[in-house]
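Summary of structural features
Here is what each chain is made of, one letter per residue.
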Amino acid sequence: MGKFNIRSIWQWLGGSAPEVKVQLAPGSIDLSVYDVDESAALKVSAVYSAAKLISEGVARLALSLQRYNGARKCFVPDYDSPLYAALRVKPNEYMTSFVLWQAAIQQLLLRGNAYLMQQGGSLILLTPGAVSVDVSRKLYVVNDAINGIVGTFTGADIIHLRNIGIDGGYTGLSTVQLMAQALGIIRLSDKNTATTLSNGGRMRGILSGNGGTSTFGVATQQQLGDVSSQVEDAIRAGRTVIPVPQEMKFQTITLSPADAKVLESKQVTIRDIARFFRVHPDLLYEGSNNTYKAAEVPNVMFLTQTLEPLLVQIETELLTKLLPQELWGKRRIRFDREALYTTDLQTESLYFEKMLQCGVYTVNELRVKKGQAPVPGGDTPLVSANLKGIDVVIAEK
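To keep things clear, this report deals only with the structure shown in the data block. (Residues numbered from 1 in each chain as written. Predicted model: local features only at pLDDT ≥ 70, side-chain atom pairs only at ≥ 80, totals over all residues. Heavy atoms only, no water.)

A word on the sheet that holds strand β4 (residues 74-77)
The condition that has to hold: For two strands to pair, DSSP has to find at least two bridges joining them. By definition, any uninterrupted DSSP run of H or I lasting at least four residues is a helix, any uninterrupted run of E lasting at least two residues is a strand, and each is numbered from the N terminus. For every element, the axis is a line fit to its C-alpha atoms; helices are fit only across the contacting stretch, and the angle between N-to-C directions ranges from 0 to 180 degrees.
Read from one edge to the other, the open sheet built from 3 strands follows the order β4-β3-β13, with strand pairing classed as antiparallel. Here the strands that pair on one side only, and so sit at the sheet edges, are β4 and β13 (331-335). Strand-to-strand twist across the sheet, computed as the mean angle between neighbouring axes with direction ignored, equals 40°. As paired elements, strand β3 (residues 63-69) and β13 share 5 bridges and run antiparallel to each other. Residue pairing across strands places L63 opposite F335, the latter belonging to β13.

Written out as structure tokens, the structure reads:
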């Protein structure tokens, strides 16, 4: 039985992971392709595309601190709080908010966990591998020389974003290690393709005598060697027709059934990777449906099933770790999800039209969103009854 080692699916950052032995059926497969880490995984186009798609999908959304306005009976941006600028624009001196959340989500997906800390008015993303979790004492041990943070901290001090886990919610598992087998199949396929291309895609074959190898004598072997050299020179020269003596035959070598099966399975494996990341295969450019209506369904699924759980996890974690409990009902931290539902001009115009007809937004509020100056009379909410003002409708009753 062939054996290979992969790192443990447990991502105890900063600690030594136990070795896992996996048994495979005997065969000629290169088992080293299954030993996958984050760097190797990102060389697979489907993994790179999925990780980039999800991390940038979260990072492009504006994150802000909001306070409850009793007079307006709604939450409004809390511009006066220093935390607002840290969340919305520049969380620390060397990162913008986009870079911070892009890197944090990538760590969550590829390593299983992402750790952040608040220091003064800054929000710091801790270095990968610098944090280990003491589950028994429920403590975080940090040894981050890059950010200058060393010590033991409680859960209230660490903003911990987790991937799916099996230890009761203390740590997350790396998506890369969970899909090691799927990644191995794709890497094996790519390796075989690279080997073929490295040979220039030249034709290969077996030169033999028509009478079978059992009748070969010394002279025949010599003749085969001479003709073989001539055939190889012709192949290198790019000739399309290669003559051989009548008493010999040249049989080309094609892909073995096993190699062909590996190549065929690559497309299926891309779908497996899409399932691990909870991304529709069409968003990884695997599908063939290119119509607008066909593309709409994957986008909706991406927003509701892929991004929304991540957004809620981040919002809840930030609220409970950055604000005292007495402010949880008076403050909230929210991503602006409107950018998710206005992916093109047609969708955006329909969205604004419906919001205007329902009285959710006024004309001026929509104009401000598009960077336009307010207009007189544009602050009155409208309703769908011929777009009359609400006050006019009430007066007509």
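Considerations on unusual backbone geometry
In the Ramachandran plot, K73 falls in the positive-phi region, its phi being about 55° despite a non-glycine side chain. Mapping K73 onto the fold places it in the loop between β3 and β4. Look at R278: it is not a glycine, yet its phi comes out positive at around 55°. Note on placement: R278 falls in the loop between α8 (257-277) and α9 (292-322).

Digging into the nonpolar core
Note the cut-off: Nonpolar cores are built from buried Ala, Val, Leu, Ile, Met, Phe, Trp, Tyr and Cys residues. Side-chain atoms within 4.5 Å join them into one set. Burial status follows relative accessibility: with a 1.4 Å probe on protein chains alone, a residue under 20% of its type maximum counts as buried, one over 50% as exposed, and anything between as partly exposed.
With 55 residues, the main nonpolar core has W101 and L318 as its most contacted residues. If you tally residues by element for this core, the top one is α9, at 9 residues. Listed in part, the 11 residues of the second largest apolar core include M117, V142, I149 and I158.

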